[in-house]
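Residues per chain, in single letters:
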Amino acid sequence: MKLKELIESAGLEIITGGTGLDRDVTGGYTSDLLSDVMGNSREGQVWITMQTHMNVIAVATLKEHAAVIFVSGNRPAADVAEKAVAEDLTLLATNDEAFTISGKIYSLLGK
Amino acid sequence: MRVYRADLHTHTVLSPCGDLEMSARNIIDAAHAKEIDILGITDHNSTLNSQMIKEMGEDEGLLVLTGAEVTTREEIHCLCFLENRDELEEFQAWIEDNITRIPNSPQRFGYQVVVDSEDNIIDEVEYLLIMSLSKTIDEVERKVHELNGLFIPAHVDRSVNSILSQLGFFPPGLKYDAVEVTPYTEFETLSKNHPVIGNLPYIRSSDSHFLHNVGKVSTGLLLNELSFSEIRMALAGEGGRKVVH
C-alpha cells in the first residue's frame, strides 16, 4: 500500500510530507525505545511511537522507514520537524493511542 | 591538591525503591566508613531530603551535592546537581510543576518519606516519584544549566532508563558536564562506539538503594579543596583539577 493511501484510510495528520508519500509501506513497528527500533525495525515500515526527540529523525532515516507516526496527540518540536524536512522524512500524527493505530494499520496492510 | 573520593549517586528513604534504612544518619556514617569525601544525594525526581543531609555533612567534613535523579519525558535518568539552596528550591518547584502525577501505592512501590536529621518523618510525598516529567532531556539540561547546575546523564550504558536504551545514541547538541557509566562497561569501548562522549569526563557511582552499597563504587576527583566549584572545575578539566580513574 502506498503511504498516501494509508494516511487517508487511517486518518493520519501530515506534519511533514516530502517525496515519501508515494513510497510503498511494507509493515509497521511500534516501540518507544530507540535502541530497540534501531536493532529490530526494517526498511519500508512505518514507525509508531510517542517519542518526539530529535534522535527519532536520525533513527528513522538510518533505518529507511516509510514514515514516523506520533501517537496520543504528541507532536514534535519545530526544530525536529525542520530536520525531517531537510532529510525528506515523512512525519505523521494521530490522536489515537499506539494500540489503536497499530491495529488499524495492521488491518489496512492486510497483515 | 589531593584526590577526593566521590559517590555522586545515592538514594534515600524518599525514593520509593530506597530502603527504609537509607536515613541521613546511616548514609553519612556509611560514607565515612567507605572513606567517601563527596556524596551526591539523588532521589528520584525529588530534592527534598538532600539539603538537610548537606547541612549534616558540613559539620562532619563530608561534602554533599544536592539534587535529584530526574526522569525525562523519554524516561532517561539524569543526575542533576544545584549548588545553593535558592536554585535547589527553584528546581524542586519546577519538577513539581512538570511531573506526571499519579498517586503512590506504598504497598507496591515503597514509602516516599521526607525526614529530618533525627530520622523523624516530616512529610510523605503522595504522588509517585518514579513517574517521568513532561520535559524532554534537552529541556531538563537547559533548566539545570540556567540554574548554574551540573547535568550528568545516569548509567548511560544500562539497558533501561538510559540515553542509549531510550534514544539509541548520544544527542550531539546536549551540554553534558559528565556521563555516569556503570562498573560493567569500559569507558574506552563505549566512547569508541559513541564519539560524542569521547572527550567528556565520566564518573562511576554506586546508585545505592541499600546501605551496604553506599560508597561501594566511587570516582576520584583531584581538587584543591572540597567545594562545588572545585568539582565543576574538575569535570571541566580546568586549573589542574581533574577526574582520576
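As a starting point, this report considers the structure included with it.

About the thresholds
Residues numbered from 1 in each chain as written. Chains lettered and ligands numbered in written order. Predicted model: local features only at pLDDT ≥ 70, side-chain atom pairs only at ≥ 80, totals over all residues. Heavy atoms only, no water. Helix = DSSP H or I, 4+ residues; strand = E, 2+ residues; numbered from the N terminus. Rg over C-alpha atoms; globule rule 2.2 N^0.38 Å. Buried < 20%, exposed > 50% of the residue type's maximum accessible area, 1.4 Å probe, protein only. Contact = heavy atoms within 4.5 Å. Areas by Shrake-Rupley, 256 points an atom, 1.4 Å probe, with all protein chains shown as cover. Pairing = 2+ DSSP bridges. Axes fitted to C-alpha atoms, helices over the stretch in contact; angles between N-to-C directions. Salt bridge = Lys/Arg side-chain N within 4 Å of Asp/Glu carboxyl O. Polar contact = N/O pair within 3.5 Å; in protein donor to acceptor, adjacent residues only side chain to side chain. Nonpolar A, V, L, I, M, F, W, Y, C, P; charged D, E, K, R; others polar. Phe/Tyr/Trp six-rings, centres within 6.5 Å; stacked < 30°, edge-to-face > 60°. Lys NZ or Arg CZ within 6 Å of the ring centre and 35° of its normal.

1. Side note on the overall build of chain A
Thinking step 1. Looking only at helices and strands, chain A has five helices and five strands in total.
Thinking step 2. Along chain A, from the amino end to the carboxyl end, the secondary structure elements read α-β-β-α-β-α-β-α-β-α.
Thinking step 3. Taking 2.2 N^0.38 as the reference for a compact globule, 111 residues should give roughly 13 Å; the C-alpha atoms of chain A span a radius of gyration of 12 Å, in line with that estimate.
Thinking step 4. Expressed as lengths along the three principal axes of its C-alpha atoms, the size of chain A is roughly 35 × 25 × 25 Å.
Thinking step 5. Counting only residues that meet the buried cut, chain A has 47% of its 111 residues in that class.

2. Brief notes about the overall build of chain B
Thinking step 1. Secondary structure assignment for chain B yields eight helices and eleven strands.
Thinking step 2. Rg of the C-alpha trace for chain B: 17 Å, near the compact-globule value of 18 Å for 245 residues, within the 12% margin.
Thinking step 3. Overall, the C-alpha framework of chain B stretches about 45 × 40 × 35 Å when taken along its three principal axes.
Thinking step 4. For chain B, the residues scored as buried account for 60% of the 245 residues in total.
Thinking step 5. A separation of at least 24 residues holds for 69% of the contacts in chain B among residues at least 6 apart in sequence.
Thinking step 6. Accessible area for chain B stands at about 10200 Å²; split by element, carbon and sulfur atoms hold 47% of it.

3. A few points about helix α2 (residues 50-58) of chain B
Thinking step 1. With seven of nine residues buried, α2(B) is to be regarded as a mostly interior element.
Thinking step 2. Residues of α2(B) that are buried in the fold lie against α1 (24-33), β2 (38-41), β3 (63-71), α3 (85-98) and β5 (113-115) of chain B.

4. Topic: the sheet that holds strand β1 (residues 2-10) of chain B
Residues and elements named next belong to chain B.
Thinking step 1. With respect to topology, seven strands assemble into an open sheet ordered β7-β4-β3-β2-β1-β10-β11, the strand pairing being mixed. Single-partner strands in this sheet number two, and they are β7 (150-153) and β11 (242-244). Adjacent strand axes in the sheet meet at a mean angle of 30 degrees, parallel and antiparallel pairs treated alike.
Thinking step 2. Across four bridges, strand β4 (residues 77-82) lies against β7 in antiparallel orientation. Counted as the bridge partner of L79 is I152 from β7.
Thinking step 3. Against the sheet, helix α5 (residues 137-146) contacts β3, β4 and β7, and its axis sits at roughly 150 degrees relative to β7.

5. What to know about the interface of chain B and chain A
Thinking step 1. Taken residue by residue, the interface counts twelve residues in chain B and twelve residues in chain A.
Thinking step 2. Across the chain B-chain A interface, the total number found is zero salt bridges.
Thinking step 3. Where chain B packs against chain A, one counts six residue pairs in polar contact (both at pLDDT 80 or more).
Thinking step 4. Examining the composition of the side of chain B that touches chain A, we find that four residues originate from one element, helix α6 (residues 163-167) of chain B, more than from any other.
Thinking step 5. Among the residues making up the side of chain B that touches chain A, the classes are represented as six nonpolar, three polar and three charged.

6. Here's the deal with the packing of aromatic side chains
All names here are of chain B.
Thinking step 1. A full pass over the atoms with the stated rule returns three aromatic pairs over all chains.
Thinking step 2. Judged by centre distance (5.9 Å) and plane angle (20 degrees), the rings of F91 and W94 are stacked. Of the two residues, F91 and W94 are both situated in helix α3; the distance of three residues between them amounts to about one turn of the helix.
Thinking step 3. Given the relative accessible area of 0%, F91 is considered buried.
Thinking step 4. The exposure class of W94 is buried, given its relative accessible area of 14%.
Thinking step 5. The interplanar angle of 70 degrees and the centroid separation of 6.2 Å between the aromatic rings of F170 and Y176 together place this pair among those described as edge-to-face.
Thinking step 6. Classification of F170 as buried rests on a relative accessible area of 1%.
Thinking step 7. What makes Y176 buried here is its relative accessible area of 10%.
Thinking step 8. In this arrangement the basic side chain of R2 is found over the ring face of Y4, its NZ or CZ atom lying 4.0 Å from the centre.
Thinking step 9. The lysine or arginine in question, R101, covers the ring of Y127, its NZ or CZ lying 4.2 Å from the ring centre.

7. Quick look at the sheet that holds strand β4 (residues 67-70) of chain A
All names here are of chain A.
Thinking step 1. Spatial strand order, β1-β5-β4-β3-β2: five strands in an open sheet with mixed pairing. In this open sheet, the two edge strands, each paired with only one partner strand, are β1 (13-16) and β2 (27-30). Recorded for the sheet is a direction-independent mean angle of 25 degrees between the axes of neighbouring strands.
Thinking step 2. Pairing geometry for β1 and strand β5 (residues 91-93), over three bridges, is antiparallel. From the neighbouring strand, E13 faces β5, where its bridge partner is A93.
Thinking step 3. Along the sheet, helix α4 (residues 78-86) makes contact with β1 and β5, crossing β1 at roughly 80 degrees.
Thinking step 4. Along the sheet, helix α5 (residues 98-108) makes contact with β2, β3 (45-49) and β4, crossing β3 at roughly 160 degrees.

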